[in-house]
Amino acid sequence: MAVNETQPGHKTGLQTPVRNNYFYGKLLEDYHFQLETHYFNAKRYLLNRLVSGYGVVAGLDVECGADPQEVVLHPGLAIDKWGREIVVPETSAPIAIPQDVAKDAMTHPQGGAYPGQGPGQQGAGVLRMLLCCHECKGDPTPVLAGDCGTVGECEAGTIRERYRVVFKAGAAPPVQLGCGLPELIFNNQIDYQALAKWVSGCVPEPAADPCIPLANIKVTAEGGHACDPNRIDITIRPIVYTNDLLFEIILALTKPATSDPRRAK
């Protein structure tokens, strides 16, 4: 992702868009078609990143595979931190947790013990599972034009937007739900001046790593690593607050308070 320097040392990820200007008789080359594709993709990614936000939109549950050294990813949709959509169209084949990452997780500073395990006890660690956007070229197509043999005989005819799963030692941090606008409500009304100042303060800088954390997985040293369904924590994943989800949250907030059996001791 290209970024513009608007101030010294301040990167916003913003660019002034450039699109084709069509006119009768214009010679169209691959550059112009690439420019057209980039224009619409960049606009969509910008809206995704700054309006919708990043995270899991729907699905993408993580479960242990039949083999204790594997996990399975279920279908779903996510938006990465650069605004790109990641589609998992169907349940994945078993995905092996790399043994070197599992081994590193056992001694990683962010590693953790199993629930109920006392401080200082060993034998458990934690790693994080991430979902990343992955583009690969396919459908080789003959090149029918070139200058003095400088162009190969074939070029990729398509770019396939796929995904890849990455494992890293250490836990992804929990999602923080603290209020970023503590002074927004004044006399039971929204302080529009505070809201305008907050929106106008800065443009979020694109993340260096666009991948989305999906789960923390606690592992043991037994047999290299052993995945337990009760030790997969998906609550650390960021989520995208769609209109439907926000409406459900509003409905939940307007309902009378009731006892929650999940919180009963």
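A brief report on the enclosed structure follows. Predicted model, so just to flag it, every value in this text is computed and none were measured.

**Structural notes on the side chain of Lys 26**
Phase 1 of the analysis: Inspection of the secondary structure assignment puts Lys 26 in the loop between β2 (10–11) and α1 (30–52).
Phase 2 of the analysis: Buried within the structure, Lys 26 lacks any salt-bridge partner; Glu 36 is the closest side chain of opposite charge, at an N-O distance of 7.6 Å.

**Quick notes on the state of the cysteines**
Phase 1 of the analysis: The tally for this structure, following the rule as stated, stands at one disulfide.
Phase 2 of the analysis: Here Cys 132 connects covalently by a disulfide to Cys 211, the sulfurs 2.0 Å from one another. Linking Cys 132 and Cys 211, the disulfide has an S-S dihedral of approximately 115 degrees and is accordingly described as right-handed. Pair noted here: Cys 132 is in strand β9 (residues 124–142) and Cys 211 is in the loop between α3 (192–200) and β13 (212–220), with a separation of 79 residues, a long-range link.
Phase 3 of the analysis: Owing to a relative accessible area of 1%, Cys 132 belongs among the buried residues under this scheme.

**What about the side chain of Asp 80?**
Phase 1 of the analysis: Position of Asp 80 among the secondary structure elements: in the loop between β6 (76–79) and β7 (85–88).
Phase 2 of the analysis: Exposure remark for Asp 80: the relative accessible area of 1% places this residue in the buried category.
Phase 3 of the analysis: Of the polar contacts made by the side chain of Asp 80, one reaches the side chain of Arg 84; its length is 2.8 Å.

**Some details on the environment of Asp 67**
Phase 1 of the analysis: One can find Asp 67 in the loop between β4 (62–64) and β5 (70–73).
Phase 2 of the analysis: When its relative accessible area of 32% is taken as the criterion, Asp 67 is described as partly exposed.
Phase 3 of the analysis: When the C-alpha positions of Asp 67 and Ile 95 are compared, they lie 9.7 Å apart, and in sequence the two are 28 residues distant.

**Quick word on the pattern of salt bridges**
Phase 1 of the analysis: If you walk through the whole model with that rule in mind, you get four salt bridges.
Phase 2 of the analysis: Notably, a salt bridge pairs Arg 84 with Asp 80, separated by 2.8 Å at the nearest N-O pair. Per residue, the accessibility class of Arg 84 equals that of Asp 80, and both read buried.
Phase 3 of the analysis: Linking Arg 160 and Asp 139 is a salt bridge whose minimum nitrogen-to-oxygen distance equals 3.0 Å.

**Some points on α1**
Phase 1 of the analysis: With 23 residues, α1 should reach 33 Å at 1.5 Å per residue; the first-to-last C-alpha distance of 32 Å fits that figure.
Phase 2 of the analysis: All of the buried residues in α1 are His 32, Leu 35, Tyr 39, Tyr 45, Asn 48 and Arg 49.
Phase 3 of the analysis: The elements touched by buried residues of α1 are β6, β7 and β10 (154–169).
Phase 4 of the analysis: Once α1 ends, the next one or two residues include Gly 53, with phi positive near 95 degrees.

**Quick word on the nonpolar core**
Phase 1 of the analysis: Counting residues in each nonpolar core, the largest one holds 27 residues, and the members touching the most others are Val 71, Leu 73, Leu 127, Phe 167 and Ile 217.
Phase 2 of the analysis: Elements with a contribution of two residues or more to this core: β4, β5, β7, α2 (99–107), β9, β10 and β13.
Phase 3 of the analysis: With residues up to four places along the chain from it excluded, the contact list for Val 71 reads Val 62, Glu 63, Cys 64, Gly 65, Ala 93, Pro 94, Ile 95, Ile 97, Met 129, Phe 167, Ile 217 and Cys 227.

**Observations concerning the sheet that holds strand β14 (residues 232–233)**
Phase 1 of the analysis: Here four strands make up an open sheet; going across it, the order is β10-β9-β13-β14 and the pairing antiparallel. Only two strands of the sheet have a single partner each, and these edge strands are β10 and β14.
Phase 2 of the analysis: Two strands pair when backbone bridges link them, and β9 and β10 are joined in this way by 15 bridges, in the antiparallel orientation. Residue pairing across strands places Leu 130 opposite Val 166, the latter belonging to β10.
Phase 3 of the analysis: Across the sheet, α2 lies against β9, β10 and β13, angled at about 150 degrees from β9, the strand it touches most.

What counts and what doesn't
- Residues numbered from 1 in each chain as written.
- Predicted model: local features only at pLDDT ≥ 70, side-chain atom pairs only at ≥ 80, totals over all residues.
- Heavy atoms only, no water.
- Helix = DSSP H or I, 4+ residues; strand = E, 2+ residues; numbered from the N terminus.
- Buried < 20%, exposed > 50% of the residue type's maximum accessible area, 1.4 Å probe, protein only.
- Lys, Arg positive; Asp, Glu negative; His and termini not counted.
- Salt bridge = Lys/Arg side-chain N within 4 Å of Asp/Glu carboxyl O.
- Disulfide = S-S within 2.5 Å.
- Polar contact = N/O pair within 3.5 Å; in protein donor to acceptor, adjacent residues only side chain to side chain.
- Expected span 1.5 Å × (residues − 1).
- Contact = heavy atoms within 4.5 Å.
- Core = buried A, V, L, I, M, F, W, Y, C linked by side-chain atoms within 4.5 Å.
- Pairing = 2+ DSSP bridges.
- Axes fitted to C-alpha atoms, helices over the stretch in contact; angles between N-to-C directions.

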